[in-house]
Amino acid sequence: MLENEHLDADSFDTQELVDGAIVGLTKATGDPYTVYLPPNDNKRSGEDLQGTFFGVGIELGYIDGVLAVIAPMDGTPAQKAGIEAGDLILHVKDEAKGIDEDSSRWSLTEAVENIRGPRNSVITFTLFREGMDDALEISVRRDEILVDTVTLEMIEHEGKTVAHIKLSRFGGRTKEEWDVVVNKILKANPKVSGIVLDMRNNPGGYFDRSIEIASDFIANDIVVSQKGKLFKQDYRTQGVARLRNYPLVVLVNRGSASASEIVAGALRDDLGIKLIGEQTFGKGTVQDRREISNGGGLHITVGRWMLPKGAWIHDEGIPVDIEVELNRDTQEDEVLNRGLQELTRQ
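Below: a short report on this structure. Every value quoted in this text rests on a predicted model; they were computed, and no experiment measured them.

Reading the values: rules and limits
Residues numbered from 1 in each chain as written. Predicted model: local features only at pLDDT ≥ 70, side-chain atom pairs only at ≥ 80, totals over all residues. Heavy atoms only, no water. Helix = DSSP H or I, 4+ residues; strand = E, 2+ residues; numbered from the N terminus. Rg over C-alpha atoms; globule rule 2.2 N^0.38 Å. Areas by Shrake-Rupley, 256 points an atom, 1.4 Å probe, with all protein chains shown as cover. Buried < 20%, exposed > 50% of the residue type's maximum accessible area, 1.4 Å probe, protein only. Core = buried A, V, L, I, M, F, W, Y, C linked by side-chain atoms within 4.5 Å. Contact = heavy atoms within 4.5 Å. Pairing = 2+ DSSP bridges. Axes fitted to C-alpha atoms, helices over the stretch in contact; angles between N-to-C directions. Patch = residues over 30% accessible without salt bridge, like charges linked within 9 Å, V, L, I, M, F, W, Y side chains within 5 Å. Salt bridge = Lys/Arg side-chain N within 4 Å of Asp/Glu carboxyl O. Lys, Arg positive; Asp, Glu negative; His and termini not counted. Charge placed at Lys NZ, Arg CZ, Asp CG, Glu CD. Phe/Tyr/Trp six-rings, centres within 6.5 Å; stacked < 30°, edge-to-face > 60°. Lys NZ or Arg CZ within 6 Å of the ring centre and 35° of its normal. Parallel < 35°, antiparallel > 145°, perpendicular 65-115°, else oblique. Left-handed = near helix turned anticlockwise from the far one by under 90°.

**Notes on the overall build of the protein**
- Secondary structure summary: the protein contains nine helices and 19 strands in total.
- Taken over C-alpha atoms, the radius of gyration comes to 21 Å for the protein, in line with the 20 Å a tight globule of 346 residues would show.
- Along the first, second and third principal axes, the C-alpha atoms of the protein reach 75 × 50 × 35 Å.
- Carbon together with sulfur atoms contributes 48% to the accessible area of the protein, which is approximately 17400 Å² in total.

Written as structure tokens, this is what we have:
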């Protein structure tokens with residue numbers, strides 16, 4: 001009927017109509033993580049997981065159904081402008097793209113598309129932040145976002161060498177970067193006396209990467225269990241747990257989500273490792289990424305993942321053993337400092 005009767009039917013693109021129908025179909029599930037990505041969006045999503053794109057550098061999600069910042073990436077324009085994990089995105093303005101809209105009806109895909117843009121272009125966010133009475137308005141100039149997923153800093157603390165591993169996401173290059181860091185720790189001279197695994201503001205990524213990372217600490221045990229519509233599967237550690245003999249603490253916050261929660265929960269449940277910082281985000285579902293013949297992609301929520309002791313943390317997060325908030329009025333990293341203190345006590 002649209003093709004036969006609509007006034008402007010001759011200008012319609014059939015593929016765009018089909019893509020729009022499938023986008024609407026997945027949106028009607030009410031699950032913000034089940035989405036269809038048309039070919040261009042799917043290509044962009046794949047590039048994101050490889051770690052390079054133009055934008056402001058925030059991972060997006062939902063808090064109580066509201067578009068939110070899961071985490072700003074380290075060193076990106078968003079972080080430099082003062083955007084924080086947990087900020088709710090109420091409104092977006094971008095004169096160059098002709099956008100001046102509330103975000104309440106945006107899907108995750110639409111949000112990514114609208115927030116991305118050319119290098120040096122400016123986008124303005126109206127944000128709500130917990131603890132503040134009034135909304136914030138923050139403008140950010142876009143740039144190329146290229147962030148290493150794993151970094152290592154050797155810290156001298158009370159006469160001992162501590163390896164501070166910053167794991168910022170679980171992407172396409174993470175395993176190779178992780179192996180480089182592990183080899184540096186194993187060969188370090190003087191010998192490393194403990195490890196701080198820092199997954200603050202880590203929004204997750206590839207599920208398989210979480211199993212690989214956990215396997216370097218946990219020997220022969222369950223990392224996570226996945227419960228789907230018709231199946232239940234335990235995912236066990238792989239390899240020889242190269243870092244199993246090092247004292248360890250884990251740093252997390254409300255920007256730690258998905259795969260980072262899998263690793264943190266497994267280390268806590270299997271090894272009794274202390275979690276330090278703030279309660280995590282709470283994303284306890286798994287999406288299967290299907291490639292469609294037209295170049296599009298369908299992300300389907302196929303199951304819940306459960307921690308080794310059986311907890312499902314969706315919308316709740318993982319509570320920490322030692323709660324420490326970062327004091328933004330100082331240059332100190334109080335969370336990291338508390339992690340170093342805990343290591344010296346082990």
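Moving on, there is more to tell.
**A word on the environment of Gly159**
- Within the secondary structure layout, Gly159 lies in the loop between strand 10 (150-157) and strand 11 (160-167).
- Of the residues examined, Gly159 reaches a relative accessible area of 79% and is grouped as exposed.

**Some details on the nonpolar core**
- Formed by 42 residues in total, the largest nonpolar core has its most connected members in Trp178, Ile185, Ile195, Leu197, Phe217, Val250 and Leu267.
- Elements represented by at least two residues in this core include exactly strand 11, helix 6 (174-187), strand 12 (192-198), helix 7 (207-214), strand 13 (222-228), strand 15 (248-252) and helix 8 (259-271).
- Considering every element that reaches this core, the biggest residue donor is helix 8, with six residues.
- In contact with Ile185, other than residues within four places in its own chain, are Leu152, Met154, Ala163, Ile165, Val192, Ile195, Leu243 and Tyr246.
- Core analysis: the second largest hydrophobic core is formed by 20 residues, Leu67, Val69, Ile83 and Trp106 among them.

**Focus: the sheet that holds strand 10**
- Pairing within the open sheet is mixed, and its six strands lie in the order 10-11-12-15-16-19. Of all the strands in the sheet, just strand 10 and strand 19 (322-323) have a single pairing partner and so form its edges.
- Strand direction decides the pairing type here: strand 16 (residues 275-277) and strand 19, joined by two bridges, are parallel. The residue of strand 19 that forms the bridge with Ile276 is Ile322.
- Lying on the sheet, helix 6 is in contact with strand 10, strand 11 and strand 12; it crosses strand 10 at an angle near 25°.
- Seen against the sheet, helix 9 (residues 334-345) touches strand 10, strand 11, strand 12, strand 15, strand 16 and strand 19 and runs at an angle of roughly 160° to strand 15.

**Quick word on a negative patch on the surface**
- Where like charges cluster on the molecular surface, the negative patch consists of Glu95, Asp100, Glu101, Asp102 and Glu110.
- Within the fold, Asp102 resides in strand 6 (residues 99-102).
- Taking the relative accessible area as the measure of exposure, Asp102 reaches 47% and is therefore partly exposed.

**A look at the packing of aromatic side chains**
- Tallied over the full model, the rule gives two aromatic pairs.
- Each ring, one from Trp178 and one from Phe217, has its centre 6.0 Å from the other, and the planes form 65°; the classification is edge-to-face. In this pair, Trp178 is assigned in helix 6 and Phe217 in the loop between helix 7 and strand 13, connecting sequence segments 39 residues apart.
- Since its relative accessible area comes to 3%, Phe217 is described here as buried.
- Pairing Phe207 with Tyr235 gives two aromatic rings, centres 4.9 Å apart and planes at 75°, and the pair type is edge-to-face. With Phe207 in helix 7 and Tyr235 in strand 14 (residues 232-236), the pair connects residues that are 28 residues apart, well separated along the chain. Each of the two residues, Phe207 as well as Tyr235, counts as buried.
- Across the ring face of Phe53, the terminal group of Arg116 is positioned such that the distance to the ring centre comes to 4.0 Å.
- Across from the ring centre of Tyr33, 4.8 Å away, lies the NZ or CZ of Lys283, which sits over that ring.

**Thoughts on the environment of Ser103**
- By the secondary structure assignment, Ser103 is in the loop between strand 6 and helix 5 (108-115).
- As a C-alpha pair, Ser103 and Asn114 span eleven residues in sequence and 9.8 Å in three-dimensional space.
- Ignoring anything within four residues of it in the chain, the contact list for Ser103 reads Leu67, Ile89, Leu90 and His91.

**Some details on the packing of helix 7 against helix 8**
- The contact between helix 7 and helix 8 brings their axes to 9 Å, and the two run at 25°. Taken as axis vectors, helix 7 and helix 8 run roughly parallel relative to one another. Taken as a pair, helix 7 and helix 8 cross one another with a handedness that is right-handed. Seen from helix 7, the contacting residues are Phe207, Ser210, Ile213 and Ala214; seen from helix 8, they are Ala259, Ile262 and Val263.

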